Amino acid sequence: MEKKVMNDTFLRACRKEATDYTPVWYMRQAGRYQPEYRKIREQYSFFEVNENPEVCAEVTRLPVEQLGVDAAILFADIMTPLKPIGVDVEIRSGVGPVIANPIESVSDVKRLLDLQPDKHVPMILEAIKLLREQLEVPLIGFAGAPFTLASYMIEGGPSKHYHKTKAFMYAQPAAWQALMDKLGEMTITYLHAQIEAGASAVQVFDSWVGALNQEDYERHIAPVMESIFSSLQKTDAPTIYFGVGAGHLLSNWNQLPVDVLGLDWRTSITEARQLGVEKALQGNLDPSLLLASWDQLEGKAKEIVDEGRKKPGHIFNLGHGVFPDADVDTLRRLTDMVHQYSRK
Ligand code: 1CP
């Protein structure tokens, strides 16, 4: 078989090396907006896709082939490793993760098992190995961050205000600490296993941590994030940290031993740099623009590319995931445009 040439533009940008053009990938680039994905989901439940390495690899490859992006992201969910350690979770269409046995006390935390990747997520590791053979672009492995995972585990599903989660953090500090320790260890073990299986970079999704103020972040979250990223520094794989509505935490994030910060659309690349962030940056087109006119979408995307190109170390992405009503052709056109425009 012919040896595949690896497009390493994404990895170079993560390391703040010069690139010929701005690399592109999209959060939720595999998902409901793709007719092929919807068809596969008629046949398999979400976790059945995870349990079947060939299908999981197919869904992961689909956006690379359709959109021409510079990185693939493993098709799984932040809930994937929680199920085998004792969280009774299902993914409901149009809702997201729903958990039948929410965490209420320290004894619920103690009941969770330690993750053993070979035993608990062998099919995920198998899918990564397959993808490593099949892909010509780097594969991004990922995990949910402890706060964001805890929010689902405590609320029992998606939430708007995270009241129960924060009340748990304030009212039961020892149980909260035990939960952060448990999820921190799990994240470290899971991400190291993904890297060993062939993931070239890893992203930690802390989607909902912006619900905290800086003081609470520093006290209750920063230590566990510090331990996760310090451990990952021992590998060659670049690390990315992303959250939504978390611009007020950028100076805290900037102190973590992480390579790339993922921005949502509320904080521009220029603003992040003005705040003193010298790490590589990823983002940050408002995904709503995918549903606006092409001129509006193109104008804003070019602005982001221009800001990003001022220094090495920008990866073009959305500020959050692709919506189910986005259009495959628009995303393809956007990828091509960013590639061409950033080459000039
Ligand atoms: O291409 C890809 O990105 C697919 C892989 C992927 C990733 C990286 C999926 C598939 N989920 C995720 C991460 C994820 N899951 C996050 C972090 C990113 C983000 O903020 O969007 C979060 C918060 C979840 C939790 C989750 N799972 C939600 C959000 C619920 C909420 O609170 O609003 C949803 C809708 C899911 C289900 C899910 N996960 C992935 C897909 C394609 C879907 C939809 C499943 C379906 O109905 O078929």
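Up top you'll find the structure we're talking about.
Residues numbered from 1 in each chain as written. Predicted model: local features only at pLDDT ≥ 70, side-chain atom pairs only at ≥ 80, totals over all residues. Heavy atoms only, no water.

S.K.: Just give me the short version of the pattern of salt bridges, but keep the residues and values in it.
M.R.: Taken as a whole and assessed by the stated rule, the structure comprises nine salt bridges. Note that Asp-108 is salt-bridged to Arg-111, the shortest N-O span being 2.4 Å. (Salt bridge = Lys/Arg side-chain N within 4 Å of Asp/Glu carboxyl O.)

S.K.: Got a sec to walk through the site of the ligand? Specific residues and values, please.
M.R.: Within the structure, the ligand sits among 26 residues, and Tyr-37, Arg-41, Tyr-152, Ser-207 and His-320 are positioned closest to it. Measuring from an oxygen atom of the ligand, one finds a side-chain N or O atom of His-320 at 2.7 Å. Calculation on the ligand without its partners gives an accessible area of 880 Å², and the protein chains cover 90% of this total. Of all elements in the fold, only α2 (35–43) and β3 (96–99) reach the threshold of two or more residues within the shell around the ligand. Tallied by class, residues from the shell around the ligand come to 16 nonpolar, six polar and four charged. (Near = heavy atom within 4 Å. Polar contact = N/O pair within 3.5 Å; in protein donor to acceptor, adjacent residues only side chain to side chain. Areas by Shrake-Rupley, 256 points an atom, 1.4 Å probe, with all protein chains shown as cover. Helix = DSSP H or I, 4+ residues; strand = E, 2+ residues; numbered from the N terminus. Nonpolar A, V, L, I, M, F, W, Y, C, P; charged D, E, K, R; others polar.)

S.K.: If you had to explain the packing of α2 against helix α4 (residues 53–67) to someone new, which residues and values would you point to?
M.R.: α4 packs onto α2 with a crossing angle of 170 degrees between their chain directions and a minimal axis gap of 10 Å. As far as their axial angle goes, α4 and α2 are roughly antiparallel. Along its contact with α2, which presents Glu-36, Tyr-37 and Ile-40, the element α4 presents Val-55, Glu-58, Val-59, Leu-62 and Gln-66. Here the contact of α2 with α4 is built from residues that sort into five nonpolar, one polar and two charged. (Axes fitted to C-alpha atoms, helices over the stretch in contact; angles between N-to-C directions. Parallel < 35°, antiparallel > 145°, perpendicular 65-115°, else oblique. Contact = heavy atoms within 4.5 Å.)

S.K.: Requested: an account of the packing of helix α8 (residues 146–155) against helix α9 (residues 163–171), with residues and values cited.
M.R.: Contact geometry for α8 and α9: axes closest at 8 Å, N-to-C directions at 105 degrees. With respect to their mutual orientation, α8 and α9 come out roughly perpendicular. Listed contacts from α9 to Phe-147, Ala-150, Ser-151, Ile-154 and Glu-155 of α8 are His-163, Lys-164, Thr-165 and Phe-168. Residue composition of the contact of α8 with α9, grouped by class: four nonpolar, three polar and two charged.

S.K.: Describe the nonpolar core, and please don't skip the residues or the numbers.
M.R.: Grouped together as the largest cluster of nonpolar side chains are 125 residues, with contacts concentrated most on Met-225, Tyr-241 and Leu-334. Per element, the largest residue contribution to this core is 12 residues, and it comes from helix α10 (residues 173–197). Beyond its immediate stretch of four places on either side in the chain, Met-225 contacts Ala-145, Pro-146, Val-204, Asp-206, Tyr-217, Tyr-241 and Leu-256. (Core = buried A, V, L, I, M, F, W, Y, C linked by side-chain atoms within 4.5 Å. Buried < 20%, exposed > 50% of the residue type's maximum accessible area, 1.4 Å probe, protein only.)

S.K.: Break down the sheet that holds strand β7 (residues 260–262) for me, citing the residues and quoting the values.
M.R.: Taken together, the seven strands give an open sheet; going across it, the order is β1-β4-β5-β6-β7-β8-β9, and neighbouring strands pair in parallel fashion. Of all strands in the sheet, those with a lone pairing partner are β1 (72–73) and β9 (314–318), marking the two edges. As paired strands, β7 and strand β8 (residues 280–285) are joined by three bridges and run parallel to one another. Of the residues in β8, the one forming a bridge with Val-260 is Ala-280. The strands touched by helix α11 (residues 214–232) are β5 (201–205) and β6 (239–242); relative to β6, the strand with the most contacts, the crossing angle is about 160 degrees. (Pairing = 2+ DSSP bridges.)

S.K.: Summarise the pairing of strand β4 (residues 139–144); cite the residues concerned and give the values.
M.R.: Of all six residues making up β4, six are buried, and the element is well covered by its neighbours. Pairing of β1 with β4, which is carried by two bridges, proceeds in the parallel orientation. When the sheet's bridge partners are listed, Ile-73 is paired in β4 with Ile-140. Pairing between β4 and β5: five bridges, direction parallel. Bridging across to β5, Phe-142 finds its partner in Gln-203.

S.K.: Explain the environment of Met-169 to me, and be specific about the residues and the numbers.
M.R.: One can find Met-169 in helix α9. Overall, the relative accessible area of 1% leaves Met-169 in the buried class. Spatially, the C-alpha atom of Met-169 lies 9.9 Å from that of Ala-150, the residues being 19 residues apart in sequence. Not counting residues up to four positions away in its chain, the partners in contact with Met-169 are Trp-176, Leu-212, Asp-216 and His-220.

S.K.: Tell me about the side chain of Asp-77, and name the residues and values.
M.R.: Within the secondary structure, Asp-77 sits in the loop between β1 and β2 (89–92). The buried charged residue Asp-77 lacks any salt bridge, with Arg-28 as its nearest oppositely charged partner at 4.5 Å. Residues in contact with Asp-77, not counting those within four places in the same chain, are Arg-28, Phe-46, Asn-50, Ile-91, Pro-97 and Phe-142. (Lys, Arg positive; Asp, Glu negative; His and termini not counted.)

S.K.: Can you break down the packing of aromatic side chains residue by residue, with the values?
M.R.: By the definition in use, this model includes 10 aromatic pairs. Aromatic side chains Phe-229 and Tyr-241 sit 5.4 Å apart centroid to centroid with 65 degrees between the ring planes, which places their arrangement in the edge-to-face category. With Phe-229 in helix α11 and Tyr-241 in strand β6, the pair connects residues that are 12 residues apart, well separated along the chain. The pair formed by Phe-229 and Tyr-241 is uniform in burial state, with each residue classed as buried. (Phe/Tyr/Trp six-rings, centres within 6.5 Å; stacked < 30°, edge-to-face > 60°.)

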